[in-house]
Structures are given as C-alpha cells and as structure tokens.
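A structural walkthrough
The primary structure of each chain is shown beneath.
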Amino acid sequence: MIRYISRVFPFLMALVMLSGCGYNTIQQNEEAVNRAWGDLESQLQRRSDLVPNLVATVKGAANFEKETLQAVIEARAKATSIQLTPEMLSDPDAMSKFQAAQGQLSSSLSRLLVTVERYPDLKATQNFRDLQVQLEGTENRISVARQRYNEAAQVFNSSIRIFPNSITNSVALKLKPKAYFKADEAAKVVPQVKF
C-alpha cells in the first residue's frame, strides 16, 4: 500500500501543479490580444478604404489644394504598406513604425478636413458630408479598438509576469510582452485656442 501511495502521490502532485501553472490562461490571453489586434486592423482597413472615396469627392471641387490631396494619398500608401502581424506585436520598433504611419495618415486627413472648410460648395454636397461622417465614425472606432487592444495587451503582459505563470512562460512558452499602442508625439502638445 505504501508503494502504491508513493507512486501515485508524485503523479497527483504533478497533476495539481500543472493545473495551476497558467499555461491555458496565458494562451487565452494571447488569443485575446490577437483578436483585439484583428479588430483594430479591421477599423484601420475601413479608414483606408474610405480615403480614396473622400479624395475623389474632394478632387471634384474646383481649385482645391493639390498638395493637401497628395499628402493624404501618400500617407495612405505609406500606412497600408506597413503591415504588422500578431507575431510582431512584441517588437516595439515595428509597433513604433506602424503607429507613425497611421499617425501620419490621421494628420493628413485632419489637414484635409480643415482645408475643406474654405470650400462651402464642397461642404454642401451630400456625398462629402456622408464620407466625412463615415470617416469621423471610423476614427472613433479606431480609438475604441486601440483602447481594447491595450487592455488585452495589459492582461496578457500581466499574465506572463505573475507567479506561477511566469515560470510556465520562461520554461515552456518563452512569450514576450506585447507592445502597447501609444499616442503620437504630436498628440501630447496642447492645442492653442486663439480668438
């Protein structure tokens, strides 16, 4: 009987220890990060798809600043050329390049919408108003998707650092923390309001 217990006891202890090692939790958290990243990419793609329609509508307006349109077209091309896969989310440099390209597109679109204010005929067209509303809604969705991605990254990063998950990660998985989506440097500057 003692031999039986001495053989079964280590097996039972190993089973108990493995059930609390966090392997499944880490896997679930990484999948949540990947899903949140996919949601963010979907919203960025939506914005990218809206830009050509917006540019085509604006181009129809006479005497419109070509340099502003060109900046939007170039920023869109650059933003769509930089791809970031879920495997690259742990690379801060890749995330930084991706964020810079997306920030440049946002900035160009903002300049375009400000420039449009000088063209009342363009602002009056239903096509332009519809596209502007869609673009504003998409920017809000992108903001929400960024927040959700950062929340999922925070949960994942915490799960690979806490005990006993940290042991499981360092021995079996060797996963690195996911990079957060950060604000552009330009967003940190407080805008000046002058009357």
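Cut-off values and rules
- For every chain, the first residue of its written sequence is number 1, and the numbers climb from 1 along that sequence.
- With pLDDT at 70 or above as the cut-off, local features in this predicted model cover only qualifying residues; side-chain atom pairs require 80 or more to be listed or tallied, and sums for whole chains, interfaces and linings still use all residues.
- The side-chain figures draw on all heavy atoms in the structure; neither hydrogens nor water molecules are used.
- UniProt positions are given in the numbering used here, feature names are shortened, and annotations may be inferred rather than shown by experiment.
- Patches in this entry comprise residues that are over 30% relatively accessible and not in a salt bridge; like charges within 9 Å are linked, as are nonpolar side chains (Val, Leu, Ile, Met, Phe, Trp, Tyr) within 5 Å.
- Using a 1.4 Å probe, the Shrake-Rupley method yields the accessible areas, and only the shown protein chains count as cover for residues.
- By definition here, a salt bridge exists when the distance from a side-chain nitrogen of Lys or Arg to a carboxyl oxygen of Asp or Glu is within 4 Å.
- Per the convention used, a helix needs a DSSP run of H or I reaching at least four residues, while a strand needs a run of E reaching at least two, with both numbered from the N terminus.
- Angles run from 0 to 180 degrees between N-to-C directions of axes, and those axes are lines fitted to C-alpha atoms, restricted for helices to the stretch in contact.
- For classification, angles of less than 35 degrees are called roughly parallel, those exceeding 145 degrees roughly antiparallel, those between 65 and 115 degrees roughly perpendicular, and all remaining angles oblique.
- Residue contacts are counted whenever heavy atoms from the two residues lie within 4.5 Å of one another.
- Residues are sorted three ways: Asp, Glu, Lys and Arg are charged, Ala, Val, Leu, Ile, Met, Phe, Trp, Tyr, Cys and Pro are nonpolar, and all the rest, Gly among them, are polar.
- What counts as a ring pair is set by centres within 6.5 Å for rings of Phe, Tyr and Trp (its six-membered ring), and what kind of pair is set by the plane angle: stacked under 30 degrees, edge-to-face over 60, tilted for all other angles.
- Burial classification: accessible surface area is computed with a 1.4 Å probe over protein chains only, and a residue below 20% of its type maximum counts as buried, one above 50% as exposed, and the rest as partly exposed.
- Nonpolar core, defined: a set of buried Ala, Val, Leu, Ile, Met, Phe, Trp, Tyr and Cys residues in which side-chain atoms within 4.5 Å join the residues together.
- Helix span, expected: 1.5 Å multiplied by one less than the number of residues in the helix.
- By construction, the arc corresponds to the directions joining the helix axis to the C-beta atoms.
- In the analysis that follows, any N or O atom pair within 3.5 Å is treated as a polar contact, provided that within protein one partner can donate a hydrogen and the other can accept it, and provided that, for residues neighboring in sequence, both atoms belong to side chains.

The name an unreviewed UniProt entry gives the protein is LemA family protein, with Chlorobaculum thiosulfatiphilum as the organism. We quote the UniProt Sequence similarities (unreviewed entry) comment for the protein here in full: "Belongs to the LemA family." A UniProt comment under Subcellular location (unreviewed entry) is attached to the protein, and it reads "Membrane".

There is a patch of nonpolar side chains on the surface, built from Met1, Tyr4, Ile5, Phe9 and Met13 and spanning about 610 Å² of accessible area. Relative to the helices and strands, isoleucine 5 resides in helix H1 (residues 2-19).

Turning our attention to unusual backbone geometry. Cis geometry is adopted by the peptide bond preceding proline 164, which originates at phenylalanine 163 and carries an omega value of 0 degrees. With respect to the element layout, proline 164 can be found in the loop between helix H6 (126-159) and helix H7 (165-173). Positioned with a positive phi, lysine 174 is a non-glycine residue whose angle comes to about 55 degrees. By secondary structure assignment, the location of lysine 174 is in the segment after H7.

Next up on the list: the UniProt feature "coiled-coil region" (unreviewed entry) in the protein. UniProt tags residues 128-155 as "coiled-coil region" (unreviewed entry). Taken end to end, residues 128-155 has its terminal C-alpha atoms 41 Å apart, with 100% of it in helix and 0% in strand.

This part is about the packing of helix H2 (residues 23-59) against H7. Viewed as axis vectors pointing N to C, H2 and H7 meet at an angle of 80 degrees, and their least axial separation amounts to 9 Å. As far as their axial angle goes, H7 and H2 are roughly perpendicular. In this structure, H2 uses Tyr23, Thr25, Ile26 and Gln27 to contact H7, whose residues at the interface are Asn165, Thr168, Asn169 and Leu173. Split into classes, the residues belonging to the contact of H2 with H7 amount to 3 nonpolar, 5 polar and no charged.

What follows concerns the packing of aromatic side chains. For any pair of aromatic rings, geometry is given as the distance between the ring centres together with the angle between the planes. The final tally for this structure, using the stated rule, is 4 aromatic pairs. With a centroid separation of 6.4 Å and an interplanar angle of 35 degrees, the aromatic rings of tryptophan 37 and phenylalanine 181 are classed as tilted. Of the two residues, tryptophan 37 is situated in helix H2 and phenylalanine 181 in the segment after H7; the sequence distance between them amounts to 144 residues. Each ring, one from phenylalanine 98 and one from phenylalanine 181, has its centre 6.4 Å from the other, and the planes form 90 degrees; the classification is edge-to-face.

The next point concerns the side chain of asparagine 157. Following the sequence through the fold, asparagine 157 ends up in helix H6. For asparagine 157, a relative accessible area of 7% gives the class buried. Ignoring anything within four residues of it in the chain, the contact list for asparagine 157 reads Pro177, Lys178 and Tyr180.

Quick look at the nonpolar core now. Trp37, Leu40, Leu84, Leu89, Met95, Tyr149 and Phe181 are the most contacted members of the largest nonpolar core, which has 21 residues in total. When residues of this core are traced back to their parent elements, those giving at least two are H2, helix H4 (92-116) and H6. With residues up to four places along the chain from it excluded, the contact list for methionine 95 reads Trp37, Leu84, Leu89, Tyr149, Ala179, Tyr180 and Phe181. One finds Leu69, Leu112, Leu131 and Leu135 within the second-largest nonpolar core, a separate group that totals 18 residues.

The subject of this paragraph is helix H3 (residues 66-81). For H3, spanning 16 residues, the distance from its first C-alpha to its last is 22 Å, which sits close to the expected 22 Å at 1.5 Å a residue. Buried residues of H3: Thr68, Leu69, Val72, Ala75 and Ala79, and no others. The buried residues of H3 all sit within an arc of 130 degrees when viewed along its axis, so they share a single face. In H3, the exposed positions angled more than 90 degrees off the buried face are occupied by Lys66, Glu67 and Ser81.

Take the environment of serine 159 next. Positionally, serine 159 belongs in helix H6. Along the primary structure serine 159 and proline 177 are separated by 18 residues, whereas in three dimensions their C-alpha atoms are 9.6 Å apart. The contact partners of serine 159, leaving out residues within four places of it in the chain, are Ile26, Asn29 and Asn165. Polar side-chain contacts of serine 159 include one of 3.1 Å to the side chain of asparagine 29.

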